[in-house]
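This is what each chain is made of:
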Protein chains: 2
Amino acid sequence: MPAAAEPSKLMVRLNRDRIVIADVVPQLDAGRYPIKRLVGDTVTVQATIFREGTAILRAVVKYRREEDTSWCEVPMTCINPGLSRWSGTFPVEHVGVYVYNIEAWTDRFATWQRDLAKKAGLIHTPADPHAPAATTAAPPDLTNELKEGVARLKWTLKYASASAQPTIQAAMDGMLQAPTQEAAVQVAVAEELGQVVTAADPRKDAEWFERMLRVTVDPVLAGCGAWYELFPRSQSPEPGRHGTLRDVIRRLPELAELGFDVLYLPPIHPIGRSHRKGKNNAPTAGPDDVGSPWAIGNEHGGHDAIEPALGTFSDFDALIAAAREHGIAIALDFAIQCSPDHPYVQQHPTWFRRRADGSIQYAENPPKKYQDIYPLDFESADWAAMWQEWRRVLELWIAHGVRIFRVDNPHTKPVGFWEWLIGEIKQAHPDVVFLSEAFTAPPMMQNLAKLGFSQSYTYFTWRNTKNELTEYLTELTQTEVAEYFRPNFFANTPDILHEYLQKGGKPAFQVRLVLAATLSPSYGIYSGFEFYENQPVRPGSEEYLNSEKYELKHRNEAAPDTLKPMIRTLNQLRRQHAALQRLRGLTFHTTTNPNLLCYSRSTPDGSDRVLVVVNLDPKSPHDGMVELDLPALGLEPNASYYVHDKLSGDVWPWQGARNYVRLDPARQVAHVFVIERPNLNLLAETAPTAIA
Amino acid sequence: MPAAAEPSKLMVRLNRDRIVIADVVPQLDAGRYPIKRLVGDTVTVQATIFREGTAILRAVVKYRREEDTSWCEVPMTCINPGLSRWSGTFPVEHVGVYVYNIEAWTDRFATWQRDLAKKAGLIHTPADPHAPAATTAAPPDLTNELKEGVARLKWTLKYASASAQPTIQAAMDGMLQAPTQEAAVQVAVAEELGQVVTAADPRKDAEWFERMLRVTVDPVLAGCGAWYELFPRSQSPEPGRHGTLRDVIRRLPELAELGFDVLYLPPIHPIGRSHRKGKNNAPTAGPDDVGSPWAIGNEHGGHDAIEPALGTFSDFDALIAAAREHGIAIALDFAIQCSPDHPYVQQHPTWFRRRADGSIQYAENPPKKYQDIYPLDFESADWAAMWQEWRRVLELWIAHGVRIFRVDNPHTKPVGFWEWLIGEIKQAHPDVVFLSEAFTAPPMMQNLAKLGFSQSYTYFTWRNTKNELTEYLTELTQTEVAEYFRPNFFANTPDILHEYLQKGGKPAFQVRLVLAATLSPSYGIYSGFEFYENQPVRPGSEEYLNSEKYELKHRNEAAPDTLKPMIRTLNQLRRQHAALQRLRGLTFHTTTNPNLLCYSRSTPDGSDRVLVVVNLDPKSPHDGMVELDLPALGLEPNASYYVHDKLSGDVWPWQGARNYVRLDPARQVAHVFVIERPNLNLLAETAPTAIA
């Protein structure tokens, strides 16, 4: 008999690789990027797990906070034996980064129990045509099997907890002392014994998935919140006077009462004077023109300063504090660009690209020219100092209490820079939120989300028809994209007044508000939306006439007939209904009219459901049947139930999948229904009216 | 001005990561396993490639044989600008392993050319509603731009080849000496200049995909061949006499003439005597019973020996040589299991698992028992010596000229063992082919293919209806599975006589033969199929009556009325038509009758096309319309063409997509059409007959 050969390292590794753990989801680019969750969410991990032969496997999801050393685990269950597919779910209860993996091992005692039960005739396997015909009815001799079981139990005892040992010892005794083989087998195959031994298993052949996977856990506002955007300089109650940060404080009670969670301010820094843009983007500014807040920097400072006309850092701190008292978070704009008067231009001339004639290259996207803005040159030899400076700028505002940054045009700066900057900031401040304002091709938008942006502007403003909305929302909520790309559905922005709003009248604003607020957990409006402002600078343009980007604007906040009541109602509903607070759980339901869009949102456990029907045509009434996907709503076929419209207050008795709907935009553009069961007392008081 | 900060390693890495190369296909489990190709094939690599901003990118596929040090490259082209999707194709001309990757870089000169052309008004971009209204019609001053272009050309000169330098120098001179700015711009934007500068580009910011990817390039037989399986001991021309390897040599001319490429022999090793199985798998053998060839090993030796009744190594070498002369490759069975009489049982007792009573554990899958077979214990402490021994066994047969192994039940041995064994063998002998005989759940079958098996048995025998075949073939040919899982469609095996064959009469055999031979580039039959052998051991069993696994069998090779003519024709067609030689290029076409299956195969360039219509019901005639996917066949709408049935010789004039077909199994179960255009001279001679 030859001595054991010395195996190579490869052999040793492959000899250990007996259990295959493959096709693990969620997993982005082979673990290159983390998936994302909001604090309090769960992560369901699925994998294909198998080994040779027929032995029984066990698997768990292992997870821990990145900074912890010890692992937690939750059991996985086999959800599809034919495809060896397993699933397990773990909770993420803290903001920060979690690491997760899978451990699988062979449960030899359970395998032995099963095989013993089969041999003893206690489990009947389907007749196998390949098997030789049964030759004897004599009970099999299971002496060897029972001895092997006792030996395995004895081995397991070493690893068992003190509380488990008596059960195992009792089973060994029982098997050895049983009066008959049959009695010994009964002791051996007991389910409770199996559970105790499985728990004590030292998992000698345990295998892990080959790559550690990560999940970034963000504060809820990273994925769920109602945003309001305003220009502080337009907030003066006095027409013509430059508004201040103190004026913004005055606005907070109303915004809080309307249910907004985030107040986003365009840049509040000093504004450049060279090539300052005039009203309506005129190439030359008049003496009183205030310029674009995105042309950052003048003699008063740059990204680390506040425009003196708006106030001081002390005013800013007061704003942050007041907002916090109203339950509102302040989001600042972070735009990496400089006016020609920005201090960096003198202090760091190498951060800008020089032309052949020695001038600095202004921003352009031929044939467009932005003479009031210098882009930063990320190919500067001094790039590292520049990167560090941007971190310093963010840290400064974070020190003043800012936790949300809306990042201007991130797709025009290198992806590696963002990955570094956001990584550094979130390592120190995991509760900071970055909103990506990238309107470009899907791969770049998605990559920015993968590399660290918490949430993203979307194509929502350009998705207006039933097909467009269904297709886009399906991509955002039903594909891998949902693991990392958190949409923020702005219904308008200072740059985008869509033709639908320009031409659709007030109902168009109502439609887009309902869609934004109920299709995406994060949504926003830019001020003016609530007053139905809809004049473009010229036909065919998405720019506003007299855009606030280039001038002060005064609005009558007390005006009657605004969208405010609808905003208040929708924001209240969003706070009351968990179904509206997460991206998952969206189902589109069939309707017989292409102008009627019907969808529902529900929580993973189905306990909360909101059903929405919208007439997408702001000009005409439309009616038709909706064909509800009843299982998606947790309803049985032919169920009787009431739909309670939280916009109008109406309650309708519905039955089964097919129900009639009519929406006249002159009266009501949408139903936002909560589904109630007939036995609710509420319904006894409200006499339901049949709709058709 | 501060000194440049010292960047961290992370910063340096991320500063380099400016170009994103993502979603690279083909790629198996993040590059954990190689994809597969046959020698002479191509690999089309696709990726999403982008960077910040609007600069023009270039990309190439880099590839090399694993043992080479220098890279080859082929250009990639952007096939979907909206999704930044690129594609490039490289050839694999040698058996072995190739490594591939992607290199992408910024083409700054091309970007400069494009921007210059835009500024000069030579490229008109669609009007942008965000752009300020045009203020002047005066031609722009492009002095800076032209100077920057000259500077870039001067820089490029350093990297340009001697042949490229004059073009670049001439352009610089032309730009500097041009009489007008307009003339200088014309010189600068010349397309040929762009090509020369692109070719000379030193690719300073070149980025590679983060993982090296591999492709295993196999000999053609690994993915394409007609297999014939026979038991050598049944090949005696004399009934009752034990056949020999010399008898197999006698069979070669006919098998070659029938067009078979591979002759697969069940194990030819000495057969155990202990617990030898009798006829029809009887638990006890009679004195003359020959036993199962899979119960390997007796006093004459084990896996490295030849059953004396079959002959000697000298006979075996003669068989290999004779087969080679007939263009036939011999495939041996590789079954890792031992009879109780195998030499290993004495020499390596620790390779087998002992029971509590000291006996060796025989093979069982409760309640099934295989007392004539001992499995090897892969958990033996002496596992490494056992692994090495199996390599020695394979090397022995390889030294005798064997290049194909059909591996018995690989799914009951550890996956890591196979990855090591096949890896070792293929490193030394990249032309060796392994066929996996795993009938188990898809994840294990697919994993065996990924880890190294060249081709695989499939569920084909159990896929008989139109839906079953369409769904299964779609999975095999249209999904990622096609990158690594090469099916071998055996129409029958010694273990599998499907009910369809038992009950369908001769037409059933014809149907399954046509399907196997035209749906998969590799297919096979086990002898007896051509004689329509269809008696099961008992009703409901897939086992043959008087199975050759347990006894000698004598067949009258000269019998009339066999499948041989059809086999000959199909194998000829398979050799003539490249479309039948690769897995890709399968299209299913709609038919109006659920019994009629219609599909075509075509080469990637569309130059070769075979169209098949099969009546899957062996009992009744069926007719209906086929609705051809004309683009998949390279035919225009309303094209007139002839379909030439290579089984019957008939030619039919067809037009457009919709054509009538009738197949009566009593006469013909299938059409195997070649599509011919009306202007072929051939057709002038053969008067076409309308079918309906």
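Residues numbered from 1 in each chain as written. Chains lettered and ligands numbered in written order. Predicted model: local features only at pLDDT ≥ 70, side-chain atom pairs only at ≥ 80, totals over all residues. Heavy atoms only, no water.

1. A look at the side chain of serine 527 of chain A
All names here are of chain A.
- Residue position: serine 527 is located in the loop between strand S22 (522-526) and helix H15 (564-576).
- According to the relative accessible area criterion, serine 527 is buried, its value standing at 2%.
- Look past the residues within four positions of serine 527 in its chain and what remains in contact with it is Tyr228, Glu229, Leu230, Glu533, Glu548 and Arg555. (Helix = DSSP H or I, 4+ residues; strand = E, 2+ residues; numbered from the N terminus. Buried < 20%, exposed > 50% of the residue type's maximum accessible area, 1.4 Å probe, protein only. Contact = heavy atoms within 4.5 Å.)

2. Remarks on the sheet that holds strand S1 (residues 20-25) of chain A
Residue and element names in this part refer to chain A.
- Read across the open sheet, the four strands follow the order S1-S3-S7-S6; overall the sheet is antiparallel. Strands with a single pairing partner mark the edges of an open sheet, and in this sheet they are S1 and strand S6 (77-80). Pairwise comparison of adjacent strand axes, ignoring direction, gives a mean angle of 35° for this sheet.
- Where S1 and strand S3 (residues 42-50) come together, four bridges link them in antiparallel fashion. (Pairing = 2+ DSSP bridges. Axes fitted to C-alpha atoms, helices over the stretch in contact; angles between N-to-C directions.)

3. Things to note about unusual backbone geometry
All names here are of chain A.
- Here the bond from valine 25 into proline 26 is cis, since omega is -5°, no more than 30 degrees from zero.
- When you line up the elements, proline 26 lands in the loop between S1 and strand S2 (35-38).
- Positioned with a positive phi, asparagine 638 is a non-glycine residue whose angle comes to about 65°.
- With respect to the helices and strands, asparagine 638 occurs in the loop between strand S26 (622-627) and strand S27 (640-645).

4. Details of the packing of aromatic side chains
Residues and elements named next belong to chain B.
- Evaluated as defined, the whole model comprises 70 aromatic pairs over all chains.
- When the centroid spacing of 5.5 Å and the interplanar angle of 80° are considered together, the rings of phenylalanine 439 and tyrosine 457 count as edge-to-face. Residue phenylalanine 439 is found in the loop between strand S19 (433-437) and helix H12 (442-451), and its partner tyrosine 457 is found in the loop between strand S20 (455-456) and helix H13 (466-478); the two are separated by 18 residues along the sequence.
- Under the relative-accessibility criterion, phenylalanine 439 is labelled partly exposed at 27%.
- Between arginine 64 and the ring centre of tryptophan 71, over which it is positioned, the NZ or CZ distance is 4.6 Å. (Phe/Tyr/Trp six-rings, centres within 6.5 Å; stacked < 30°, edge-to-face > 60°. Lys NZ or Arg CZ within 6 Å of the ring centre and 35° of its normal.)

5. Focus: the pairing of strand S27 (residues 640-645) of chain B
Residue and element names in this part refer to chain B.
- The buried fraction of S27 amounts to five of the six residues, a majority that puts the element mostly inside the structure.
- Bridging between S27 and strand S28 (residues 651-655) involves five bridges; their strand directions are antiparallel. For histidine 644, the partnering residue across the bridge sits in S28 and is valine 651.
- Counting the residues in the hairpin turn of S27 and S28 gives five residues, including glycine 649, whose phi is positive at 90°.
- Here S27 runs beside strand S30 (residues 670-676); their pairing, made up of four bridges, is antiparallel. Directly across from histidine 644, in S30, lies its bridge partner valine 674.

6. Examining the interface of chain A and chain B
- Counting from both sides, the interface comprises 89 residues of chain A and, opposite them, 89 residues of chain B.
- Carbon and sulfur atoms supply 57% of the area buried between chain A and chain B, which totals about 7,200 Å² over both sides.
- At the boundary of chain A with chain B, the tally comes to 12 salt bridges.
- Where chain A packs against chain B, one counts 14 residue pairs in polar contact (both at pLDDT 80 or more).
- Partitioning the side of chain A that touches chain B into residue classes produces 36 nonpolar, 23 polar and 30 charged. (Buried area = accessible area lost by both parts, 1.4 Å probe. Salt bridge = Lys/Arg side-chain N within 4 Å of Asp/Glu carboxyl O. Polar contact = N/O pair within 3.5 Å; in protein donor to acceptor, adjacent residues only side chain to side chain. Nonpolar A, V, L, I, M, F, W, Y, C, P; charged D, E, K, R; others polar.)

7. Some points on the nonpolar core
Residues and elements named next belong to chain B.
- Grouped together as the largest cluster of nonpolar side chains are 159 residues, with contacts concentrated most on Ile49, Phe90, Leu263, Phe334, Phe405, Trp418 and Leu515.
- For this core, the element with the most residues is helix H14 (residues 499-519), which contributes 11 residues.
- Setting aside residues up to four positions removed in sequence, tryptophan 418 forms contacts with Phe334, Ile336, Val407, Pro410, Lys413, Gly423, Leu448, Leu451 and Phe453. (Core = buried A, V, L, I, M, F, W, Y, C linked by side-chain atoms within 4.5 Å.)

8. Looking at the sheet that holds S30 of chain B
Residue and element names in this part refer to chain B.
- Read from one edge of the open sheet, eight strands run S28-S27-S30-S25-S24-S23-S26-S29, paired in antiparallel fashion. Every other strand in the sheet has two partners, leaving S28 and strand S29 (658-663) as the edge strands with one partner each. If you compare each strand with its neighbour and ignore which way they point, the axes differ by 35° on average.
- Here strand S26 (residues 622-627) runs beside S29; their pairing, made up of six bridges, is antiparallel. The partner of aspartate 623 across the bridge, within S29, is arginine 662.
- In the packing of H13 onto the sheet, contacts are made with strand S23 (586-591) and strand S24 (596-602), and the angle to S23 comes to roughly 155°.

9. Section: the confidence of the model for chain A
- Summary statistics for chain A give a mean pLDDT of 94 and a share of 95% for residues scoring 70 or more.
- Interface confidence for the predicted complex, given as ipTM, is 0.93, next to a pTM of 0.93. (pLDDT = per-residue confidence, 0-100.)

10. Focus: the environment of glycine 585 of chain A
All names here are of chain A.
- Among the secondary structure elements, glycine 585 is positioned in the loop between H15 and strand S23 (586-591).
- In this structure glycine 585 comes out as partly exposed when scored by relative accessible area, which is 30%.
- Spatially, the C-alpha atoms of glycine 585 and leucine 633 are 10.0 Å apart, while their sequence positions differ by 48 residues.
- Apart from the residues lying within four places of it in its own chain, the contact partners of glycine 585 are Ser600, Arg601 and Ser602.

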